[in-house]
Amino acid sequence: MPPSRSTLRARAPLRVSFAGGGTDVPPFPEREGGAVLSATINRYAYCTLRPRNDGTVSVQSLDYGDTVDFSLDNPVTFDGRLDLPKAAIAHLLDYPHAFTATGFDLFLHTNAPPGSGLGSSSAVMVAVIAVVAAHLGVDLTPHEIAEQAVRLEREDLAIPGGLQDQYAAAFGGFNFIEFGKNEVTVYPLRVREATVHELEHNILLAFTGHTRSADHIIEDQISRYEEGQADALAGLRAQKDIAHAMKRALLRGDVPAFGDLVGQAWVEKQKMSSRITTPLINDAVETALCHGALGAKVTGAGGGGHMVFVCEFERKHIVAEKLLAMGMTVGEFTFSQQGVTTWRVESK
């Protein structure tokens, strides 16, 4: 049976990681078990697939300003240009029972730049897997999409990093995720609607103005853990405890306690690598705490990207003004309860 000739689209939500980041980075999960609490927001990675019949696949990324073309008759070459989507496409083309492809155009873009600390690269990977699988008639669950994204990124392409972003993008919503030696378990949290609204009412998301590559931070964290450095071990183990405490605070609807735990997570995160923070990040956290923030932290590996600030609402505007004066871009968001989604656009 041939694949559909209609245009397909997909979107996968970006995420804010509140606690546990780093405990999802191997080898920690295999040895001690990791735990992360994160939530997806109303910013997305988008993907559009348009079929063609000349045996060519063309991938265009607005974020990287690059386009790659390859023939279905030749093996995919991994040369550093859009390797993530190429790996997903190559894998799915060989998937058992997949329709025989005749070629397609793939257009990618996100609401946040790569290196923004919102899991955008993994969200793109999840969106690509979902839309190509739908085109080829491959039925994948959110867990299978996330598993494939992890394997392609971390194993096949050997890109250093954690395991949480792919599951957040695939499942959506508030999730408590545990990472073991051979298993990842996603626990969707049934957070009360009033608590979700209160969090949206009290949280600021700020962009430092600097994107970063997480590779050197993650490699430093892994090295310090492997060497048994006491502060790195303490920071990682504390992250797990804070993630559990944060889950309890969320389910109780205790937003002030949640904000305090965000601050604790940041204190412990800095122990994992000296490269996680910067003078700007330090100044932003200190300034925010002095003017009404309950807690603040970076949302990704560190070194730049986005930061999240949980504030007393009556002083939230003051915190925002101070961050803007520091040259940061400040905004609000709502939480997204839906994970990766695909839909079809019928040709007229």
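First, a word on scope: everything that follows refers to the structure included in this document.

Cut-offs and rules
Residues numbered from 1 in each chain as written. Predicted model: local features only at pLDDT ≥ 70, side-chain atom pairs only at ≥ 80, totals over all residues. Heavy atoms only, no water. Pairing = 2+ DSSP bridges. Helix = DSSP H or I, 4+ residues; strand = E, 2+ residues; numbered from the N terminus. Axes fitted to C-alpha atoms, helices over the stretch in contact; angles between N-to-C directions. Contact = heavy atoms within 4.5 Å. Expected span 1.5 Å × (residues − 1). Buried < 20%, exposed > 50% of the residue type's maximum accessible area, 1.4 Å probe, protein only. Core = buried A, V, L, I, M, F, W, Y, C linked by side-chain atoms within 4.5 Å. Salt bridge = Lys/Arg side-chain N within 4 Å of Asp/Glu carboxyl O. Disulfide = S-S within 2.5 Å.

### Side note on the sheet that holds strand β9 (residues 293-298)
At step 1: Read from one edge to the other, the open sheet built from four strands follows the order β9-β10-β8-β11, with strand pairing classed as antiparallel. Bordering the open sheet on either side are β9 and β11 (329-331), each of which pairs with just one other strand. Neighbour-to-neighbour, the strand axes of the sheet open up by a mean angle of 20°, direction not taken into account.
At step 2: Looking at chain direction, strand β8 (residues 203-207) and β11 are connected through three bridges and run antiparallel. Each residue of the ladder has a partner; that of Leu205, found in β11, is Gly331.
At step 3: Against the sheet, helix α6 (residues 193-202) engages β8 and β10 (306-311), with an angle of about 45° to β8.
At step 4: Here helix α9 (residues 255-269) sits on the sheet in contact with β9 and β10, set at roughly 40° to β9.

### Things to note about helix α8 (residues 230-252)
At step 1: Its 23 residues place the ends of α8 33 Å apart at the C-alpha level, agreeing with the 33 Å of an ideal helix rising 1.5 Å per residue.
At step 2: Of the positions making up α8, those classed as buried are Ala232, Leu233, Gly235, Leu236, Ala238, Gln239, Ile242, Ala243, Ala245, Met246, Ala249 and Leu250.
At step 3: Where α8 terminates, the next one or two residues include Gly253, which has phi positive at roughly 80°.

### Some points on the nonpolar core
At step 1: Counting 84 residues, the largest nonpolar core has Phe18, Leu106, Val132 and Phe335 as its most contacted members.
At step 2: With sequence-adjacent residues up to four places away left out, Val132 is seen in contact with Leu49, Ile89, Leu92, Phe104 and Leu106.
At step 3: The next biggest cluster of nonpolar side chains, apart from the first, holds 25 residues, and it includes Tyr225, Ile276, Ala284 and Met328.

### Focus on the environment of Tyr95
At step 1: Along the polypeptide, Tyr95 turns up in the loop between α2 (83-93) and β5 (104-110).
At step 2: Its relative accessible area of 25% is what places Tyr95 among the partly exposed residues.
At step 3: Taking the C-alpha atoms as reference, Tyr95 lies 28 Å from Asp63; in sequence the two are 32 residues apart.

### Here we look at the pattern of salt bridges
At step 1: Following the criterion strictly, the structure yields 13 salt bridges and no others.
At step 2: One salt bridge connects Asp165 with Arg15, and the closest N-O pair in it is separated by 2.7 Å. With Asp165 in helix α5 (residues 164-171) and Arg15 in strand β1 (residues 7-19), this pair connects stretches of sequence that are 150 residues apart.
At step 3: Arg15 sits in the buried class, given a relative accessible area of 5%.
At step 4: A salt bridge links Asp83 to Lys86, with the shortest nitrogen-to-oxygen separation between them at 3.4 Å. Of this pair, Asp83 and Lys86 both sit in helix α2, three residues apart, roughly one helical turn.
At step 5: Connected through shared salt-bridge partners, Arg52, Asp54 and Asp105 make up one network.

### Overview of the state of the cysteines
At step 1: In this structure the tally under the stated criterion is zero disulfides.
At step 2: Summary of cysteine pairing: Cys290 is not part of a disulfide, and the nearest cysteine sulfur, belonging to Cys311, is at 13 Å.

Everything listed here is a matter of geometry and, on its own, says nothing about what the molecule does.
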